[in-house]
Amino acid sequence: MHRGRQSGDRESGYQRVDRAIVLAGGPTLLLPKETLRTTAQKPASSWFRSFSILPALAFLLLIPLQDTRPSNAQVAYERAQQLFVHGQLEDCQRKAFWGYEQFRTTSLPWASKFRLLEAQAMLYRGLYPDSLAVLSNFSPPTGDLDESVQELTTEAVSLAHLHRISLAAQKLSAADAFCTANSLEACGEVLRAHGILAMERGQLSDARQAFLSSLSFARAHHDLNLESNARLNLGTVALQDNHYDEAVDWSQQAYASSLALGNQNRAQIALGNLGWAYFELGDSERALPLFREAEQRAAKLGNIRNQVKWLTTTGYVYQNTGDWMRAAQFYGQVLDLARPIHSQEDVINSLEDLAHLSIAMGNLDQANAYLAQLTPLVRATQNRLDDLDITLAQGEIAAARRQDQQAQSIFKSIAADPDSQTSMRLGAEHQLASLYEREGNAASADRMYRTALTTFESARQQLKKEDSKLPFLANATPIYTDYIHFLIQQGKVRQALDVADHGRARTLEQGLGLISRERTFHPAPLNPGGIARKAGATLLFYWLGRSQSYLWAITPTKTALFPLPARSQIAAVVQRYRNVLLGPDGTLESSQADGVALYRTLVAPAAALIPPGANVVILSDGALSELNFETLIVPGPHPHYWIEDATLSSAPSLYMLAAAKPARDAGRRLLLLGNAVSPNPDYPQLAQAPLEMQRIEKHFPANDETVLSRQQANPASYLNSRLGQYSYIHFVAHGVASRTDPLDSAIILSPASDAEDSFKLYAREIIQHPIHAQLVTISSCYGGGTRSYAGEGLVGLSWAFLRAGAHNVIGALWEVSDDSTPQLMDTLYQRLEQGAPPAVALRQAKLTLLHSQGSFRNPFYWAPFQLYTGL
C-alpha cells in the first residue's frame with residue numbers, strides 16, 4: 001500500500017492586464033463590459049426582429065386571448081426577473097419583450113417594467129446601442145422614481161461603454177439628483193455606475209471608492225445581488241491596479257456568492273478573473289484550467305464575448321509556455337469570433353496579441369500588418385493603454401531589425417510613461433538592457449538590468465500572501481537569466497552567483513525573518529567558500545536557462561563555474577529518468593542510460609571538486625527539484641548509484657545556509673504522530689504504521705517522547721502541542737500533494753471534529769506554528785511536494801516545515817511503500833541515536849535497503865526520501 005496520492009493537474013512574458021472583464025451596471029446585477037452579443041444579433045432594438053415572422057405573428061394573434069390581469073403580469077415579470085438574476089440574459093430578454101407586447105395596451109405600469117428589464121438584459125449582454133434604442137421610447141410611470149433612476153443608470157452605463165463619456169456623466173448627475181432627494185433602492189446601482197464610468201476614464205482609485213460605496217449600500221439594504229456584484233467589480237479594479245492577491249480574494253468571494261445566488265453568468269466571469277489574477281502572479285499552471293472552465297461555461301450560456309475573453313487568456317498561457325503555434329490558433333479563433341459580433345475591443349486585443357506573437361516568432365512583416373490594422377481602431381477609441389501597447393510592439397520590431405536608436409527611444413518612453421503598467425515597464429526595461437548589452441555598453445546594460453529587477457521587486461513587495469508570492473518570481477525569470485548570462489560574459493562569475501542566489505527562496509527567507517521587504521534590487525555579496533566551510537560540504541548550485549544553464553561548484557577554497565545544456569534538454573532527461581525510477585521494477589540496469597547521462601551532465605564537470613565520501617549540498621533549480629541526485633549512476637567498470645560515493649542533501653539558497661543558526665539544545669525529545677483512524681475509503685488504514693511507530697519509539701527514552709496515535713493523532717493535537725520543545729517530529733500517515741495549490745498539501749490524520757476536512761493538517765497551517773526541531777520526518781507520499789516554483793524550488797509539506805523553522809526535513813518525492821518504510825526508519829533512528837547527523841543517518845538507512853537482496857534494493861523503495869536542510 002502507498003501512503004498518499006497527488007491531487008491537481010500538472011517564462012512569463014509581458015501581457016496587459018486591462019483585459020479582465022469589467023462589469024456593467026443594471027438594477028440588481030453588475031454584469032460585464034465584456035458580456036456578449038449572440039451570433040444572431042440584429043441591429044433592431046427588440047427581439048421581435050430576431051424571430052421567424054410566422055411564429056411571431058401567430059403569437060401576437062393569440063395575445064388578446066391571454067389573461068392580462070395585473071396579478072398575472074406580476075407573475076410573468078417575476079419569472080423574467082429571476083432569469084435576469086440567474087444570469088440567463090437571453091431568455092430574460094425574450095420574456096421581457098413578450099411581456100411588454102402582452103401588457104402594453106392593458107397595463108402601462110407593467111409594460112414599463114418589462115420594457116426596462118428588456119433594456120437591462122441587452123446592456124448586460126453587451127448590446128449597448130440596442131439597449132439605448134429601447135430606452136429612447138421608454139417613459140416610466142409618473143411618480144415611480146426607482147424606475148426613473150434605473151432608466152438613467154442603464155443609459156449611463158451603456159453610454160460609458162460606447163465611450164460617450166460626457167453624456168454618460170450627465171445621465172448619472174440626473175440620477176444623483178433623485179438619490180440626493182430620496183431614499184431609493186436603485187441608488188446602489190448609481191454608485192456602481194459611477195465606478196464603471198471611472199474605470200472607462202482610467203480613474204482606478206475613484207472606481208474602487210465607488211464600488212466600495214456600493215458594497216456598503218448593499219450590506220445596509222441586505223441586497224445580496226448588489227453585494228456580489230460589488231465584490232466582482234472590486235476584483236476587476238484590483239486586477240487593473242496590479243494588486244493581484246487582493247484580486248484573488250475579491251474574485252473568490254464573488255464566485256462563491258454567485259454560486260449561492262444561482263447566477264451562472266457572474267460565476268463564470270469571477271472564475272475567469274480569478275484565473276487572470278493567478279496568471280499575472282506567474283502561476284500559469286493554476287490559471288489554465290480556470291480559463292478553460294470559464295470559456296466552456298460562457299459557451300454553454302451563449303455568451304460569445306465572454307467566450308472570446310477566456311479563449312484569449314488561454315492563448316496567453318500557451319504563449320508563455322512557448323507553445324506559440326497553439327497560442328496563434330487561439331488568437332485567430334478569437335479574431336474570427338469577435339469580428340462578426342462587432343466587438344471592437346476584442347478585435348483590438350486579438351490583433352495586439354497576434355502582433356506580439358508574430359514578433360516573438362520572427363514574422364516581422366506579419367506583425368507590421370497587424371499593427372496597420374490596429375492603428376485606426378485604437379485612434380478611434382483613444383484608449384491610452386492600447387496606444388502604449390502598439391508603441392511597445394513597434395519598439396520590439398525596431399529592436400529585431402537592429403534599428404537600435406529607434407528602439408531605445410521607444411522603450412525609454414514606455415518605461416517613463418506614468419500610464420504604463422508594471423508589465424509594460426518590465427518589458428521595456430528588459431529590452432533596453434538587452435539593447436545596451438548588444439551595442440557593448442556594459443555599464444548602461446548593468447544599470448538597466450538592475451532597474452528592471454527593482455521594478456519587479458517593488459511589485460512583489462505589494463503582495464501580502466504566501467500563495468501569491470510563491471509563483472510571482474516566474475515573471476522575472478527571463479530578466480534574471482539574461483542578467484546572469486550578461487555578468488558571466490563580462491567575467492563577473494561571483495557577482496552572477498550573487499544575483500542567481502538573490503532570486504532563490506525569497507518567500508522562505510522573508511517568512512523566516514532573514515531578509516527585509518526590500519523594494520530595490522540589492523543582492524547581498526556572498527562568501528561562497530565560507531558557506532561551504534560552515535556546511536562542511538561541497539555545494540552544487542544550479543541555474544537552468546532557456547538557452548544556457550550553469551553550475552557553480554563551491555568548496556571552502558574554490559568556486560568554479562561550468563556551463564550546462566539548455567533547460568529543456570535537461571528537463572526532458574530528468575522526466576524520462578523519473579518515470580523509470582517510479583516503477584518498482586526500475587533497476588540499475590534498466591535505467592542506466594539516462595542515469596549515466598544525467599551524472600555526466602550535472603555532476604561529472606565538477607567531480608574533481610568532490611572527494612570520495614564527501615558531503616554534498618544540492619541547490620537545485622526547476623526540474624532538478626524533482627530529481628534525487630543520489631540515484632544518478634556513476635559510469636565506469638562497475639556502474640553504481642552516486643549515493644555509494646557521497647552524502648547528499650538539498651538546500652533552498654546560499655543566503656539561507658549562511659544565515660542559519662545552530663539548533664536549540666532540546667535534548668532528544670520526540671513528537672510522534674501516526675496510525676490514524678481512517679477518515680474515509682480514500683485513505684485506508686496503514687497496515688505497517690503500528691510497527692513503524694514501535695520501531696521509532698524504542699530509540700527514545702519514554703520520558704522524552706510524546707506519542708499520539710489513533711484518535712489522538714489529529715491535526716488539532718499537533719497544532720495545540722508545545723511544538724518548540726521537540727527536537728524530532730515524525731509523522732506516519734498518508735499524505736496528499738496539491739500541484740495547483742501546494743499550500744493545500746496535507747498530512748492525513750484522524751478526524752478532529754465533524755468538519756469535512758478536520759483530518760487534514762494543511763501546509764498553510766503548518767507554517768503558522770513555529771518549531772525549532774532538528775529534524776522533521778514526513779513518512780508519507782509526496783512529502784517533498786510535486787510543484788516546483790521559480791526561485792523557491794519544490795513547495796509542499798517539506799517546504800512548509802522549513803518555513804515553520806525546522807533545521808532539517810525528510811520528505812518524499814514520490815509514493816512511499818508501507819512495506820519497506822518501517823525498516824528504513826528503524827535504521828535512520830538507530831543511526832541518529834548513535835550520534836550521526838540527519839543526512840548521514842538517512843544515507844546509511846538507504847544503503848541498508850540498497851545492499852539488501854530483495855526488491856527493496858530498487859530506488860523506488862529507498863530513493864523517494866530526501867533531506868532538505870537549512871542547517
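Residues numbered from 1 in each chain as written. Predicted model: local features only at pLDDT ≥ 70, side-chain atom pairs only at ≥ 80, totals over all residues. Heavy atoms only, no water.

Trainee: Please set out the overall build of the protein residue by residue, giving values where relevant.
Mentor: Along its length, the protein carries 36 helices and 19 strands. Accessible surface computed for the protein: about 32,300 Å², of which carbon and sulfur atoms make up 50%. (Helix = DSSP H or I, 4+ residues; strand = E, 2+ residues; numbered from the N terminus. Areas by Shrake-Rupley, 256 points an atom, 1.4 Å probe, with all protein chains shown as cover.)

Trainee: An account of the pattern of salt bridges is requested, with residue identities and associated values reported.
Mentor: According to the stated counting rule, one finds 24 salt bridges in the structure shown. Of the charged contacts, one joins Arg94 and Asp91 as a salt bridge, the two residues approaching to 2.9 Å between their closest N and O atoms. Here Asp91 and Arg94 lie together in helix H3 (residues 89-103), a separation of three residues that amounts to about one turn. Across the pair Asp704 and Arg669 runs a salt bridge, and its minimum N-O distance is 3.8 Å. Of the two residues, Asp704 is situated in the loop between helix H30 (689-697) and strand E10 (705-710) and Arg669 in the loop between helix H29 (654-659) and strand E9 (670-676); the sequence distance between them amounts to 35 residues. Taking the relative accessible area as the measure of exposure, Asp704 reaches 25% and is therefore partly exposed. A single salt-bridge network, built from bridges that share partners, covers Arg384, Asp387, Asp417 and Asp419. (Salt bridge = Lys/Arg side-chain N within 4 Å of Asp/Glu carboxyl O. Buried < 20%, exposed > 50% of the residue type's maximum accessible area, 1.4 Å probe, protein only.)

Trainee: Break down the confidence of the model for the protein for me, with residues and values.
Mentor: Of all residues in the protein, 85% have pLDDT values of 70 or greater, and the mean over the chain is 83. Per-residue pLDDT stays below 50 along residues 5-68; that stretch engages in 243 contacts with residues further than four places along the chain or on separate chains. Below a pLDDT of 50 lies the segment residues 782-794, which in the model reaches 70 contacts outside its immediate sequence neighbourhood of four places, other chains included. (pLDDT = per-residue confidence, 0-100. Contact = heavy atoms within 4.5 Å.)

Trainee: Give a description of the pairing of strand E3 (residues 549-554) that names residues and reports values.
Mentor: Sheet faces and side chains relate simply in a regular strand, where the side chains alternate between the two faces. Taking burial as the measure, the six residues of E3 include six buried ones, the bulk of the element. Of the pairings in the sheet, the one linking strand E2 (residues 538-543) to E3 comprises five bridges and is antiparallel in character. Counted as the bridge partner of Tyr542 is Leu551 from E3. Remark: five residues form the turn of the hairpin made by E2 and E3, two consecutive strands paired antiparallel. Strand direction decides the pairing type here: E3 and strand E4 (residues 559-564), joined by six bridges, are antiparallel. Each bridged residue has a counterpart across the sheet, and for Trp552 the counterpart in E4 is Leu561. The loop that links E3 with its antiparallel partner E4 comprises four residues. (Pairing = 2+ DSSP bridges.)

Trainee: Quick rundown of the environment of His807? Include the residues and the values.
Mentor: When you line up the elements, His807 lands in the loop between helix H33 (797-804) and strand E18 (808-812). When the C-alpha atoms of His807 and Tyr868 are compared, they prove to be 8.5 Å apart, with 61 residues separating the residues in sequence. With near-sequence residues (within four places) excluded, His807 lies in contact with Lys661, Pro662, Ala663, His772, Ala773, Gln774, Leu802, Tyr868, Thr869, Gly870 and Leu871.

Trainee: Give me the state of the cysteines: which residues, what numbers.
Mentor: Applying the stated criterion across every chain, the model contains one disulfide. Each disulfide pairs two cysteine sulfurs, and for Cys179 the partner residue is Cys187, the sulfurs being separated by 2.1 Å. Across the disulfide from Cys179 to Cys187, rotation about the S-S bond amounts to roughly -105°, and the bridge is consequently left-handed. As far as burial versus exposure is concerned, Cys179 and Cys187 are alike and both buried. (Disulfide = S-S within 2.5 Å.)

Trainee: Please provide a residue-by-residue account of the nonpolar core, values included.
Mentor: Nonpolar side chains tend toward joint burial in soluble globular proteins. Phe629, Trp642, Tyr718 and Phe801 are the most contacted members of the largest nonpolar core, which totals 99 residues. The element contributing the most residues to this core is helix H35 (residues 838-850), with seven residues. In this view, Phe801 contacts Tyr718, Phe731, Ile747, Ile766, Ile771, Val776, Ile778, Ala806 and Val809; residues no more than four positions away in its chain are not counted. The next biggest cluster of nonpolar side chains, apart from the first, holds 53 residues, and it includes Ile269, Leu271, Leu335 and Ile397. (Core = buried A, V, L, I, M, F, W, Y, C linked by side-chain atoms within 4.5 Å.)

Trainee: Could you give me a rundown of helix H20 (residues 422-438), with the residues and numbers involved?
Mentor: Given a rise of 1.5 Å per residue, 17 residues ought to cover 24 Å, and the 24 Å separating the end C-alpha atoms of H20 matches this to within 8%. For H20, the buried fraction is high: 12 of the 17 residues fall into the buried class. All buried positions along H20 are accounted for by Thr422, Ser423, Met424, Leu426, Gly427, Ala428, Glu429, His430, Leu432, Ala433, Leu435 and Tyr436. The inward-facing, buried residues of H20 contact helix H18 (384-400), helix H19 (404-416), helix H21 (442-460) and helix H23 (477-489). Just downstream of H20 lies Gly440, where phi reads positive at about 85°. (Expected span 1.5 Å × (residues − 1).)

Trainee: Mind laying out H35, listing which residues take part and the relevant values?
Mentor: Given 3.6 residues to a turn, an α-helix orients residues that are three or four positions apart in the same direction. Between its first and last C-alpha, H35 extends 18 Å over 13 residues, near the 18 Å set by a 1.5 Å rise per residue. A large share of H35 lies buried, amounting to 10 of its 13 residues.

Trainee: Could you give an account of unusual backbone geometry, with specific residues and numbers?
Mentor: Glycine aside, negative phi is the norm for most residues, and most peptide bonds take the trans geometry. Of note, the phi angle at Arg402 is positive, near 65°, even though the residue is not glycine. Relative to the helices and strands, Arg402 resides in the loop between H18 and H19. Exposure remark for Arg402: the relative accessible area of 59% places this residue in the exposed category.

Trainee: An account of the packing of aromatic side chains is needed here, citing residue identities and associated values.
Mentor: On inspection of all chains with the given rule, the structure shows 31 aromatic pairs. For the pair Tyr718 and Phe731, a centre-to-centre distance of 5.5 Å together with 55° between the ring planes defines the contact as tilted. With Tyr718 in helix H31 (residues 715-719) and Phe731 in strand E11 (residues 728-732), the pair connects residues that are 13 residues apart, well separated along the chain. In terms of burial, Tyr718 and Phe731 fall into one category: buried. Ring centres 5.1 Å apart and planes at 90° place the aromatic pair Phe860 and Tyr861 in the edge-to-face group. In textbook terms, an aromatic cluster arises when at least three aromatic residues are bridged by ring pairs, as seen for Trp276, Phe279, Phe291, Trp310, Tyr316 and Tyr331. Of note, Arg668 hangs over the ring of Phe700, and the distance from its end group to the ring centre comes to 4.4 Å. (Phe/Tyr/Trp six-rings, centres within 6.5 Å; stacked < 30°, edge-to-face > 60°. Lys NZ or Arg CZ within 6 Å of the ring centre and 35° of its normal.)

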